[in-house]
Amino acid sequence: MADQPRVRAVADACTAAYGRPRKLSLQSVLAIGYLHALSRPTHMTVTGMLRTLDQLSDSERRHLGVPAHLHVRHKHVWGGLRRLAQHIRDGLQLPGEHHHEPSEPCTTACQQAVALTEDDISTILVQASLPSTFPRTGAVDVDGTDIESHAVMHWRPDHSGWTCTDHELGGGHRTPTDRRPNPFFAGYEGHLATYVLPAGVKGEIPLLFAGLALRPGVQDRAGACVRLVGALTAFGPIHEVIYDRGYSTSKPEKLAAVLREMGVTATFDLHTSQRGIKAGPKPGTIWCDGTLYSTALPEALRNLEPPAITMTAEQKARIRDVFDARAPYAFVPHSKPVPGRHARRFKGPALAGHVRCPNWPKSMRLGPEIPTTNCVPGSDCGCGKTVSVPDTMNERDRQPLAWQSNAWAKSYNRRTRIEGCQRADPVPRPQRQPRLLPHARPHCHRTAPRPDPRREQRPPPAPLVPRPRQTRTLGRRTRRTRLRRTPAPLHQNPWTT
């Protein structure tokens, strides 16, 4: 992993060009970190890295780049990690390679200089753990997970605000659970990405992370998603991204517009503030849950509630069939997206042959299996209109598939990969034996319990015999002597022995 060209270039760029060379190179520090993460991912500490290194033989240490005469200490690893963290936080400039004279133009063999941000470097380190044969599809799934800090926020004594020893963390919000009922936390949010198969493609790919972007608290979620998708384009083209309501509520100029300029389509869930009816670009058109419809859309199909999480699969399928009943009244794309045009044409449902409208006689000649609208003859309905919709109109809520339709649900359900990847246990834990209740135990377990051998080895407790009182307390009542566990022998006076 640490020998990959991108990781080696990052390590070389972080190494100082002047001064005394390091006893333990930065590439060796990365190699030790990768090895320790594979063996004990739940104990990512410098001490744990040193313990992993101590268990290796001389040939294995030499393979990691550790000098044979060097006794690796805490300061060697910690100094290298601090150097890497400082440069990753500030960004790097990878120099280019040119194989010609400065006056000659560059060729395809030349490598231009590349400026890497913190998200680019973290994604490079994550991509180094993936094998070269890993299928890097053009669709990714992005989600965030909370990372609590070791520090605790306190209110300042002068009531001027909050203070904390970790000056980079931020306040975050997460979904409350039974284990963590408090939805607020202090720390960071790790935005993770994983590859998913394109919609309609059957098969399976390994459940592995593909990129990482770290932000304090809940700050800059849209920027983290955009930077993460941009960092993944260096390893393959990306044409689709899936995210939840934590990102869809971002301002359109920060997320939706940037993804559109990158040529990436989005599939997402709508927040309650994004749902409802809005006016369309022309009379006779409306926006309903992010999709353009004609005003012929029945009132019973306008304000629909999505299926709840606690519903069964059959109940969700019945509700989504009701959402599919909106499809005949929706506008369909009349042209492909043209770069630089910043608008797209849509044609009405009557022109597409999906409904029969009395205001458009040609559509009335369709078969009786086509639904007929309730438009008043002579009214200005949008069933047969062709509209040009700017890209910036209702851009935050628009997506290729109608929200909560069966096609949308099949595409959005691919997001379960990122949820399962976050909850996957990296280290297999030993299974605990089930504890049988008294009423569920077999008959053989109802016998008298066996004596514990550890208790048999313990000496019996010594008898409590009161000690003789040498003096008398002045001004206080004396308590009565407690009862003795074992009575003293009759021939022995306890007060004189």
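Computed from a predicted structure; not experimentally measured.

Colleague: Any chance you could explain the overall build of the protein here in plain terms?
Modeller: For the protein, the count of helices and strands is 14 helices and 16 strands. Looking at the protein as a whole, 36% of its 497 residues are labelled buried. The contacts of the protein with a sequence gap of at least 6 include a subset with a gap of at least 24, amounting to 62%. About 32,300 Å² of surface is accessible on the protein, with carbon and sulfur atoms providing 55% of the total.

Colleague: Before we go on, may I ask you to explain the side chain of Thr123 in this structure?
Modeller: Following the sequence through the fold, Thr123 ends up in helix 6 (residues 118-127). With a relative accessible area of 0%, Thr123 lands in the buried category. In this structure the side chain of Thr123 is engaged in a polar contact, spanning 2.8 Å, whose partner is the backbone oxygen of Asp119. Those residues in contact with Thr123, other than ones at most four positions away along the chain, are Ala210, Gly211, Leu212, Leu228, Ala231, Leu232 and Phe235.

Colleague: Even after reading the chapter, I still don't get the packing of helix 2 (residues 26-39) against helix 3 (residues 46-54), so can you show me in this structure?
Modeller: The relative placement of two packed helices comes down to the angle between their axes together with the axis-to-axis distance. Following both chains from N to C, one finds helix 2 and helix 3 inclined at 90°, their axes separated by 9 Å at the closest point. The pairing of helix 2 with helix 3 is recorded here as roughly perpendicular in orientation. When helix 2 is examined against helix 3, the residues Val29, Ile32, Gly33, Leu35, His36 and Ser39 are found in contact with a partner set consisting of Gly48, Met49, Thr52 and Leu53.

Colleague: Sorry if this is basic, but what is going on with the state of the cysteines here?
Modeller: A covalent bond between the sulfur atoms of two cysteines is referred to as a disulfide. According to the stated counting rule, one finds zero disulfides in the structure shown. There is no disulfide at Cys357, and the cysteine sulfur nearest it, in Cys381, is 3.6 Å away. Summary of cysteine pairing: Cys375 is not part of a disulfide, and the nearest cysteine sulfur, belonging to Cys383, is at 3.8 Å.

Colleague: Quick question: what am I supposed to make of the sheet that holds strand 13 (residues 291-294) here?
Modeller: Sheet strands associate in pairs through backbone hydrogen bonding, adopting either a parallel or an antiparallel arrangement. With respect to topology, three strands assemble into an open sheet ordered 11-12-13, the strand pairing being antiparallel. Pairing within the sheet leaves two strands with one partner each, and these edge strands are strand 11 (277-279) and strand 13. Here the average twist between neighbouring strands, direction ignored, is 40°. Direction of pairing for strand 12 (residues 285-288) relative to strand 13: antiparallel, over a ladder of four bridges. Among the inter-strand pairings, Thr285 is bridged to a residue of strand 13, identified as Ser294.

Colleague: Honestly, unusual backbone geometry in this entry has me stumped. Any pointers?
Modeller: Leaving glycine out, the prevailing phi sign among residues is negative, and the prevailing peptide bond configuration is trans. Positive phi, normally seen in glycine, also occurs at Asp289, with a value near 55°. Not every positive phi belongs to a glycine, and Asn394 is a case in point at roughly 50°. Mapping Asn394 onto the fold places it in the loop between strand 16 (386-390) and helix 12 (406-412).

Colleague: I keep staring at empty space enclosed by the protein and nothing clicks. Help me out?
Modeller: Gaps left between atoms are located by rolling a probe of water-molecule size over the structure's atoms. Scanning the entire structure with this criterion turns up one cavity of 30 Å³ or more. Looking at the largest cavity, its volume works out to about 30 Å³. Here the lining of the largest cavity is composed, by residue class, of four nonpolar, two polar and two charged.

Colleague: I would appreciate a short explanation of the nonpolar core in the present structure.
Modeller: When a protein is soluble and globular, its nonpolar side chains tend to lie buried together. Membership of the largest hydrophobic core comes to 67 residues, with the highest contact counts inside it found for Leu24, Val72, Tyr195, Val241, Tyr243 and Leu255. Ranked by residues supplied to this core, first place goes to helix 7 (residues 221-232) with seven residues. Contacts of Val241, omitting those with residues within four sequence positions, involve Val140, Val142, Val229, Leu259, Val264, Thr265, Ala266 and Thr267. With 14 residues, the next largest nonpolar core counts Cys288, Tyr329, Ala330 and Ala350 among its residues.

Colleague: It is not clear to me how a nonpolar patch on the surface should be interpreted in this structure. Could you clarify?
Modeller: A contiguous nonpolar patch, built from Met153, Trp155 and Trp162 and spanning about 340 Å² of accessible area, is present on the exposed surface. You can see Trp155 is positioned in strand 4 (residues 154-155).

Colleague: Just to check I follow, could you spell out the confidence of the model for the protein for this structure?
Modeller: For residues with low pLDDT, the predicted coordinates do not support detailed interpretation. When pLDDT is averaged across the protein, the result is 82; 81% of the residues are at 70 or more. The model gives residues 427-449 a pLDDT under 50, and that stretch makes seven contacts with residues more than four places away or in other chains. When the criterion is pLDDT under 50, residues 490-497 qualifies, and its contacts beyond four places in sequence or with other chains add up to seven contacts.

Colleague: Quick question: what am I supposed to make of the environment of Arg302 here?
Modeller: Here Arg302 is to be found in the loop between strand 13 and helix 10 (313-324). Spatially, the C-alpha atom of Arg302 lies 9.3 Å from that of Phe323, the residues being 21 residues apart in sequence. The residues touching Arg302, leaving out its near neighbours within four places in the chain, are Ile277, Ile286, Cys288, Asp289, Thr295, Leu297 and Arg326. Of note is the side chain of Arg302, whose polar atom sits 3.1 Å from the backbone oxygen of Leu297.

Colleague: What exactly am I supposed to notice about the pattern of salt bridges here?
Modeller: Think of it this way: side chains of opposite charge can pair up when their charged atoms draw near. For the structure on display, the rule yields 19 salt bridges. As a salt-bridge pair, Arg415 and Asp244 come within 2.8 Å of each other at their nearest N and O atoms. Taken as a pair, Arg415 in the loop between helix 12 and helix 13 (416-422) and Asp244 in the loop between strand 9 (240-243) and helix 8 (245-248) lie far apart in primary sequence, 171 residues in all. For the pair formed by Arg415 and Asp244, the shared burial category is buried. Lys278 is paired through a salt bridge with Asp397; the nearest N and O atoms lie 3.0 Å apart.

Colleague: Explanation requested: the environment of Gly65 in the structure shown.
Modeller: In this fold, Gly65 is placed in the loop between helix 4 (58-63) and helix 5 (74-90). C-alpha of Gly65 to C-alpha of Val29: the two residues are 36 residues apart in sequence and 8.9 Å apart in space.

Colleague: Got a minute to help me understand the sheet that holds strand 16 in this structure?
Modeller: Taken together, the three strands give an open sheet; going across it, the order is 14-15-16, and neighbouring strands pair in antiparallel fashion. The open sheet has two free edges, formed respectively by strand 14 (332-333) and strand 16, since each of these has just one partner strand. By the bridge criterion, two bridges tie strand 14 to strand 15 (residues 343-347) in an arrangement that is antiparallel. Each bridged residue has a counterpart across the sheet, and for Pro333 the counterpart in strand 15 is Phe346.

Colleague: In this structure, what is going on with the packing of aromatic side chains? I would like to understand it.
Modeller: Working definition: an aromatic ring pair is given by the centre-to-centre distance plus the angle between the planes. If you walk through the whole model with that rule in mind, you get five aromatic pairs. An angle of 50° between the planes, with centres 6.1 Å apart, marks the rings of Phe134 and Tyr195 as tilted. One end of the pair, Phe134, is in the loop between helix 6 and strand 3 (139-148); the other, Tyr195, is in strand 7 (residues 184-196), with 61 residues separating them in the sequence. Overall, Phe134 belongs to the buried group, its relative accessible area being 6%. Here Tyr195 falls in the buried class, since its relative accessible area comes to 1%. One aromatic cluster is present, built from ring pairs that chain together Tyr243, Tyr247 and Phe268. Between Arg6 and the ring centre of Phe235, over which it is positioned, the NZ or CZ distance is 4.6 Å.

About the criteria used
- Residues numbered from 1 in each chain as written.
- Predicted model: local features only at pLDDT ≥ 70, side-chain atom pairs only at ≥ 80, totals over all residues.
- Heavy atoms only, no water.
- Helix = DSSP H or I, 4+ residues; strand = E, 2+ residues; numbered from the N terminus.
- Buried < 20%, exposed > 50% of the residue type's maximum accessible area, 1.4 Å probe, protein only.
- Contact = heavy atoms within 4.5 Å.
- Areas by Shrake-Rupley, 256 points an atom, 1.4 Å probe, with all protein chains shown as cover.
- Polar contact = N/O pair within 3.5 Å; in protein donor to acceptor, adjacent residues only side chain to side chain.
- Axes fitted to C-alpha atoms, helices over the stretch in contact; angles between N-to-C directions.
- Parallel < 35°, antiparallel > 145°, perpendicular 65-115°, else oblique.
- Disulfide = S-S within 2.5 Å.
- Pairing = 2+ DSSP bridges.
- 1 Å grid on protein atoms, 1.4 Å probe; cavity = no way out; pocket = protein on both sides within 12 Å on 5 of 7 lines; lining within 4 Å.
- Points joined across faces, edges and corners; volume = space filled by probe spheres on them.
- Nonpolar A, V, L, I, M, F, W, Y, C, P; charged D, E, K, R; others polar.
- Core = buried A, V, L, I, M, F, W, Y, C linked by side-chain atoms within 4.5 Å.
- Patch = residues over 30% accessible without salt bridge, like charges linked within 9 Å, V, L, I, M, F, W, Y side chains within 5 Å.
- Salt bridge = Lys/Arg side-chain N within 4 Å of Asp/Glu carboxyl O.
- pLDDT = per-residue confidence, 0-100.
- Phe/Tyr/Trp six-rings, centres within 6.5 Å; stacked < 30°, edge-to-face > 60°.
- Lys NZ or Arg CZ within 6 Å of the ring centre and 35° of its normal.

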